[in-house]
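So the chains spell out like this:
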Amino acid sequence: MPLLDHIKEFRSRLLKAILGIFLFAIIGWFFYQEIVRLLTLPFCDLGAANQPSEGQCGDLYVNGILGPFNLQVKISLLTGIILSAPVWIYQLWSFVTPALHKKERKIALFFASIATPLFGTGALLAYLLLPHAVDVLLGFTPDNLGNLVRFDEYLDFVLRLILIFGLAFVLPLFLVALNLLGVISGKSILKPWRIAVFMCFLFTATFTPTPDPITMTLLAIPLCLIYFASGLFAVLMDKRKSKGQKIDIGATPIDKPENI
């Protein structure tokens with residue numbers, strides 16, 4: 001398509017993605033209290049001293065007059081982004097796939113359909129590990145001091161942990177996509193497996209916001225399993241491609257000369 005048509009197509013896809021985020025953000029706005037309770041549950045259930053009382057949650061607090069309103073807007077938008085992930089992922093690939101061949105479009109749709117549940121799995125694992133992470137970090141507080149935590153800072157910490165876990169689960173899928181596109185082979189993926197395992201632990205140690213080895217290991221092990229699963233899948237696809245090429249070569253007819 002001409003450049004102007006590409007710009008119109010991008011604007012159309014972008015507006016649809018924003019509309020999807022906005023519609024799901026409305027859901028986040030109406031279920032704001034339930035979402036806040038869900039996010040603060042790991043913090044509130046750490047001990048009897050941090051049990052919620054009269055709508056409050058331990059030492060978490062909101063600062064300023066506009067703080068509660070800004071917090072509700074922020075949580076609503078983030079809820080919209082997370083819940084509408086299938087919508088904007090589909091719009092992203094729909095914008096890219098017209099430039100690809102028919103086979104590559106199927107690969108792109110496969111990538112978009114698998115990336116969303118993988119991201120959700122990583123986000124769920126992060127939420128399950130959140131109480132342990134909060135407990136470890138608050139354990140560094142001296143015995144003779146208290147710890148007042150701003151809720152927006154706590155929310156940033158939770159979102160950082162969820163995003164890191166979610167994106168980490170999606171990263172091995174890029175290897176499968178590159179293999180299906182013929183860029184990299186399955187043997188090339190599995191050959192440096194020692195380096196890959198080391199990089200998984202290094203990634204978790206660097207980007208996980210908790211310094212304890214338990215959280216790091218619980219994230220690194222699923223990453224390693226997904227890496228090996230993607231490599232084995234790529235090897236099986238390579239064998240299938242090689243068999244198909246042998247069949248095609250043996251069945252190729254001899255071209256006849258065209259009549260002048």
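Right above here is the structure, for reference.
The structure reproduced in this document is the subject of the present report. Note that this is a predicted model, so its numbers are computed, not measured.

Conventions and cut-offs
- Residues numbered from 1 in each chain as written.
- Predicted model: local features only at pLDDT ≥ 70, side-chain atom pairs only at ≥ 80, totals over all residues.
- Heavy atoms only, no water.
- Disulfide = S-S within 2.5 Å.
- Helix = DSSP H or I, 4+ residues; strand = E, 2+ residues; numbered from the N terminus.
- Expected span 1.5 Å × (residues − 1).
- Buried < 20%, exposed > 50% of the residue type's maximum accessible area, 1.4 Å probe, protein only.
- Patch = residues over 30% accessible without salt bridge, like charges linked within 9 Å, V, L, I, M, F, W, Y side chains within 5 Å.
- Areas by Shrake-Rupley, 256 points an atom, 1.4 Å probe, with all protein chains shown as cover.
- Salt bridge = Lys/Arg side-chain N within 4 Å of Asp/Glu carboxyl O.
- Phe/Tyr/Trp six-rings, centres within 6.5 Å; stacked < 30°, edge-to-face > 60°.
- Core = buried A, V, L, I, M, F, W, Y, C linked by side-chain atoms within 4.5 Å.
- Contact = heavy atoms within 4.5 Å.

### Some thoughts on the state of the cysteines
All told, the structure shown has 0 disulfides when counted by the stated rule. Here Cys200 is not disulfide-linked; the sulfur of Cys224 is the nearest cysteine sulfur, at 4.1 Å.

### Thoughts on helix α3 (residues 67–83)
For α3, which comprises 17 residues, the first-to-last C-alpha distance of 24 Å matches the rise-based estimate of 24 Å (1.5 Å per residue) to within 8%. Taken together, the buried positions of α3 are occupied by Gly67, Leu71, Gln72, Ile75, Ser76, Thr79 and Gly80.

### Brief notes about helix α6 (residues 151–180)
With 30 residues, α6 should reach 44 Å at 1.5 Å per residue; the first-to-last C-alpha distance of 44 Å fits that figure. Following α6 by one or two positions, Gly182 has its phi on the positive side, about 80°.

### So, a nonpolar patch on the surface
Residues Leu19, Phe22, Leu23, Ile26, Ile27, Trp29, Phe30, Phe31, Phe69, Ile82 and Leu83 make up a contiguous nonpolar surface patch of about 1,100 Å² in total accessible area. Every element with two or more residues in the nonpolar patch is listed here: α1 (3–30) and α3. Mapped onto the secondary structure, Leu23 falls in helix α1.

### Thoughts on the packing of aromatic side chains
Centre-to-centre distance and the angle between the planes together describe a pair of aromatic rings. The full count for this structure, using the stated rule, is 4 aromatic pairs. Where Trp29 meets Phe69, the ring centres are 6.3 Å apart and the plane angle is 75°; that geometry is what we call edge-to-face. With Trp29 in helix α1 and Phe69 in helix α3, this residue pair connects regions lying 40 residues apart in the sequence. Note on Tyr227 and Phe228: the rings are 5.1 Å apart at their centroids and 65° apart in plane angle, and the pair reads as edge-to-face. Take Tyr227: its relative accessible area is 7%, and that puts it in the buried class. Accessibility expressed as a relative area gives 30% for Phe228, which makes it partly exposed.

### Some thoughts on the nonpolar core
Formed by 32 residues in total, the largest nonpolar core has its most connected members in Ile75, Leu130, Phe151, Tyr154 and Val158. Elements with a contribution of two residues or more to this core: α2 (32–44), α3, α5 (102–138), α6 and α9 (213–250). Considering every element that reaches this core, the biggest residue donor is α6, with 11 residues. Ignoring sequence-local partners within four residues, the contact set of Ile75 consists of Tyr32, Ile35, Val36, Leu39, Phe151 and Leu155. Judged by nonpolar contacts, the second largest core, of 10 residues, contains Phe119, Leu173, Ala177 and Leu180.

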